[in-house]
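Geometric and topological summary
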Amino acid sequence: MLSQISGLSRHFTEETLRTYLLDRSARTADGCLVVRGYGSRRGVHQKVAGRAWAHIAAYVVFVGDYDPEREVDHVCGVPDCIEPSHLRQLSHAENCRSRKQEPRCRNGHDRELDPRTGRYRKVCRRCNADAQQRWRERQARQVAEGRASYGRTTN
């Protein structure tokens with residue numbers, strides 16, 4: 001069963017992997033069992049035990065009946081959670097359908113609905129316009145600096 005996990009170090013047995021995952025994890029107030037993997041950022045998928053994804057390794061050793069053709073999904077929505085009751089296997093299509101689209105972008109702007117699909121647009125138009133404006137200002141500054149320095153001799 002462990003041989004089906006991509007990137008898992010070969011020296012692990014089910015028992016040693018179970019102990020390894022439990023030693024590297026901590027329980028949070030909302031019931032998640034959050035693992036501390038190789039990454040330093042909280043809230044992202046973690047790699048442990050070689051180069052294996054922690055939630056997939058946890059599904060194999062705690063739940064069992066792992067199908068490598070299907071994806072392991074978090075019911076709780078916390079990507080670094082390895083709590084067995086929060087993990088389930090879905091097809092890729094089911095996993096994509098279950099994703100929740102946020103009504104606001106990361107900068108707090110309301111997202112617009114795409115009239116073709118009826119879903120929120122992936123790119124926030126206000127954030128995109130702001131980024132383009134910053135780029136234009138930066139380009140104008142560089143051009144102005146270049147024009148000011150043109151023809152000068154360095155001493």
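Being a predicted model, the structure only gives us computed values, none of them experimental.

Moving on, we get to the state of the cysteines. For the structure on display, the rule yields 0 disulfides. Cys32 forms no disulfide, and the closest cysteine sulfur to it belongs to Cys76, at a distance of 3.7 Å. The exposure class of Cys32 is buried, given its relative accessible area of 1%. Free of any disulfide, Cys105 has its nearest neighbouring cysteine sulfur in Cys127, separated by 3.5 Å.

Right, let's get into the confidence of the model for the protein chain. Mean pLDDT for the protein chain: 81, with 83% of residues reaching 70 or above. Taking the mean pLDDT of every element in the protein chain, the minimum, 70, falls on strand β3 (residues 47-48) and the maximum, 92, on helix α4 (residues 125-149).

The next subject is the side chain of Gln89. Along the chain, Gln89 falls in strand β6 (residues 87-90). Relative accessible area serves as the criterion here: at 12%, Gln89 is assigned to the buried category. From its side chain, Gln89 meets the backbone oxygen of Asp67 in a polar contact 2.8 Å long.

What follows is about the pattern of salt bridges. Pairs can form between side chains of opposite charge once their charged atoms are near each other. Counted according to the given criterion, the structure contains 8 salt bridges. The shortest N-O distance in the salt bridge between Arg27 and Glu83 comes to 2.6 Å. Residue Arg27 is found in strand β1 (residues 25-27), and its partner Glu83 is found in the loop between β5 (71-74) and β6; the two are separated by 56 residues along the sequence. With a closest N to O distance of 2.8 Å, Asp73 and Arg88 form a salt bridge. Placement of the pair is Asp73 in strand β5 and Arg88 in strand β6, with a sequence separation of 15 residues. Owing to a relative accessible area of 34%, Arg88 belongs among the partly exposed residues under this scheme.

Conventions and cut-offs
- Residues numbered from 1 in each chain as written.
- Predicted model: local features only at pLDDT ≥ 70, side-chain atom pairs only at ≥ 80, totals over all residues.
- Heavy atoms only, no water.
- Disulfide = S-S within 2.5 Å.
- Buried < 20%, exposed > 50% of the residue type's maximum accessible area, 1.4 Å probe, protein only.
- pLDDT = per-residue confidence, 0-100.
- Helix = DSSP H or I, 4+ residues; strand = E, 2+ residues; numbered from the N terminus.
- Polar contact = N/O pair within 3.5 Å; in protein donor to acceptor, adjacent residues only side chain to side chain.
- Salt bridge = Lys/Arg side-chain N within 4 Å of Asp/Glu carboxyl O.

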